Amino acid sequence: MILLLPLPSWLKYAGPLTMGFVLFVLAFSLRFNLGNAVADPKTVLNNLAHKLRAARYRVEETNDELITQVDSMSAIRIRARASESGTELTYRMDGTPAGWTVTLILVVSGYFIILIPPIVLFMLRRVRRFAREQVVPSLVAPDVPEVDSISVRIRKALIDSLSEGYRLSSEAYEAAKSNYEDNVIILVVLGFFAFGGTSLAFLAINLEVGSEDFRMSFLMSIAIAIAFTFVSVWLLRRRVMPRLEELKGWATRLEGALVEETAPAKPKDDEPSVFELLADAWKHVPKWLEVRRKSGLYREPGTWLLILCFAGLSFTGLVFASLMFVQSPLASVIVGAASVVLLYAIHIMYNRSKKRLDEERDRVFSDWNRRLGVMNFQMEKHLQEL
Amino acid sequence: MSDPPAMDRPDLYVVARLLERLWREDAPMLKTRLQVAAKVNYDIFSRYLSWMVERGLVVIENSPDEHARVSLTRKGQESYLKLVQWINEVVRGKMPGF
């Protein structure tokens with residue numbers, strides 16, 4: 001509607017874009033109230049995490065927050081703060097890595113950026129409904145019984161461990177899959193470049209446009225590009241698929257065990273032990289964390305969104321600078337210099353992101369190995385002391 | 001039948017497998033069925049069972065049908081609880097047992 005008004009063209013487009021941007025920022029930063037609970041924040045979050053896990057949601061626990069995946073695009077961040085009556089709970093919307101990736105693609109795509117506000121509103125609606133229908137009833141329902149029921153405590157520990165194992169393995173699988181798909185896209189783009197390169201090479205040998213030889217060389221360029229793309233994707237697939245299958249296998253096994261643990265039936269005599277499954281899974285966790293770290297786009301979509309925006313601006317700036325150089329050398333130098341600054345900013349952002357992820361990996365690996373070592377020692381000691 | 005030879009160092013996985021299987025059962029479990037769950041041969045299974053009986057983790061009951069049945073004691077349940085709690089603490093970023 002606004003586009004039909006007699007306004008300057010920059011205002012017609014800047015207005016909706018600004019409104020969309022404000023909506024985007026508000027949707028991801030506004031906090032909504034969930035209610036109060038009588039226990040301390042840690043206990044409240046712990047009980048809530050267990051109930052959501054038992055309902056088979058993927059839950060990540062941090063110091064004062066729970067991050068739960070609502071659907072493939074959206075997540076909810078539930079925060080607990082101490083209050084006079086016990087604990088005050090609030091939440092805000094967040095995106096899953098897949099959700100952020102879609103947003104990033106829409107931003108980069110240009111015209112499709114107008115799809116972002118309706119998508120964000122849809123995500124917000126899903127998150128609010130999840131809070132109303134899943135989280136609030138869990139807060140009202142009685143807590144996990146703290147009575148001396150060993151069985152209840154064993155089942156709680158098994159469900160929490162299986163859920164966390166499932167979350168880690170499935171996130172690693174999704175990150176590896178996303179990485180693989182990104183690489184396929186890169187290879188397809190390189191295929192286009194191969195087509196362009198071979199076409200130019202044929203033109204350089206002075207083939208006459210429209211001649212039979214030119215048509216043959218055009219078909220040959222297409223054949224070379226297709227062959228390059230297929231062979232490189234096949235090689236990539238051959239290298240990556242076993243790893244993807246392994247990750248998917250772990251996620252499936254842990255999810256299957258979680259499903260059985262949350263709806264226990266009469267066990268079969270040769271059923272695999274959940275304890276063994278978990279003990280084996282924990283040995284693979286450092287590898288799963290490494291897979292996530294390697295998928296920078298998946299782990300830090302915000303940084304990559306900025307990097308892509310800066311790269312696009314910088315590329316456009318350099319093209320304009322070279323085209324303008326003859327007519328307006330000064331403007332060309334200014335635009336060119338700004339583009340180089342953007343390139344430098346990309347370099348700094350990439351290095352910082354890599355350093356941060358490397359440090360995080362080293363810290364997590366070291367902590368994890370230390371905890372595994374202590375666990376094995378404690379278990380062996382426990383057996384000896386029985 | 002003579003007692004099976006004593007064990008120096010039991011395998012944690014086999015012990016945990018037996019404890020878990022008995023924990024999941026509502027009633028005392030037939031020895032033969034428990035051996036299937038243990039996934040070890042009869043000799044080794046007998047050694048583990050004796051080791052667990054000596055430490056009060058399980059009890060063997062002789063039922064009227066002359067089939068020996070095994071059940072988990074409270075100590076056995078507590079022992080399995082400790083193992084799974086340590087596993088849970090590791091994944092939650094805590095140092096197990098502290």
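So, how was this worked out
- Residues numbered from 1 in each chain as written.
- Chains lettered and ligands numbered in written order.
- Predicted model: local features only at pLDDT ≥ 70, side-chain atom pairs only at ≥ 80, totals over all residues.
- Helix = DSSP H or I, 4+ residues; strand = E, 2+ residues; numbered from the N terminus.
- Buried ≥ 20, exposed ≤ 12 C-beta atoms within 10 Å, placed from the backbone.
- Contact = placed C-beta atoms within 7 Å.
- Expected span 1.5 Å × (residues − 1).
- Arc of directions from axis to C-beta.
- Pairing = 2+ DSSP bridges.
- Nonpolar A, V, L, I, M, F, W, Y, C, P; charged D, E, K, R; others polar.
- pLDDT = per-residue confidence, 0-100.

**Q** Looking at this structure, how should I read the overall build of chain B?
**A** Looking only at helices and strands, chain B features four helices and three strands. Secondary structure elements of chain B occur, N-terminal to C-terminal, as α-β-α-α-β-β-α. Of all 98 residues assigned to chain B, the portion counted as buried reaches 38%. A separation of at least 24 residues holds for 52% of the contacts in chain B among residues at least 6 apart in sequence.

**Q** Where do I start with helix α3 (residues 42-54) of chain B in this structure?
**A** Since there are 3.6 residues in each turn of an α-helix, residues three or four apart along the chain are aligned in direction. All names here are of chain B. Taking 1.5 Å per residue as the helical rise, α3 with its 13 residues ought to reach 18 Å, and the 18 Å between its terminal C-alpha atoms agrees with that figure. Turning to α3, its buried residues number three or more, namely Phe 45, Tyr 48, Leu 49, Trp 51 and Met 52. Seen from one end, α3 has its buried residues packed into an arc of 160°, which puts them on one side. Residues Tyr 42, Asp 43 and Glu 54 are exposed on α3 and point more than 90 degrees away from its buried face. Where α3 is buried, its residues touch α1 (12-24), α2 (31-38), β2 (58-62) and β3 (68-72). Positioned one or two residues after α3, Gly 56 has a phi angle of 75°, which is positive.

**Q** It is not clear to me how the sheet that holds β3 of chain B should be interpreted in this structure. Could you clarify?
**A** Two modes of strand pairing occur in sheets, parallel and antiparallel, and in both the strands are linked by backbone hydrogen bonds. Pairing within the open sheet is antiparallel, and its three strands lie in the order β1-β3-β2 (chain B). If you trace the sheet from one side to the other, it starts and ends with β1 (29-30) and β2 of chain B, each paired once.

**Q** Can you walk me through helix α4 (residues 74-91) of chain B in this structure?
**A** Residues and elements named next belong to chain B. The terminal C-alpha atoms of α4 lie 26 Å apart, and with 18 residues this matches the ideal 26 Å at 1.5 Å per residue to within 8%. Taken together, the buried positions of α4 are Gly 76, Ser 79, Tyr 80, Leu 83, Val 84, Gln 85, Trp 86, Ile 87, Asn 88, Glu 89, Val 90 and Val 91. Where α4 ends, the next residue or the one after it, Gly 93, has phi of about 80°, a positive value.

**Q** Teacher, can you tell me more about the interface of chain A and chain B here?
**A** Much of the literature gives interface size as the accessible area that the parts lose upon coming together. Each partner contributes to the interface: chain A provides 30 residues, whereas chain B provides 32 residues. Of all elements in the fold, only α5 (150-204), α7 (274-294) and α10 (329-385) of chain A reach the threshold of two or more residues within the side of chain A that touches chain B. Tallied by class, the residues present in the side of chain A that touches chain B amount to 16 nonpolar, five polar and nine charged.

**Q** Is there a simple way to explain the confidence of the model for chain A in this structure?
**A** Of the residues in chain A, 92% have a pLDDT of 70 or more, and the chain-wide mean is 85. Of all helices and strands in chain A, the one with the weakest mean pLDDT is helix α8 (residues 296-299) of chain A (60), whereas strand β4 (residues 74-83) of chain A scores best (93).

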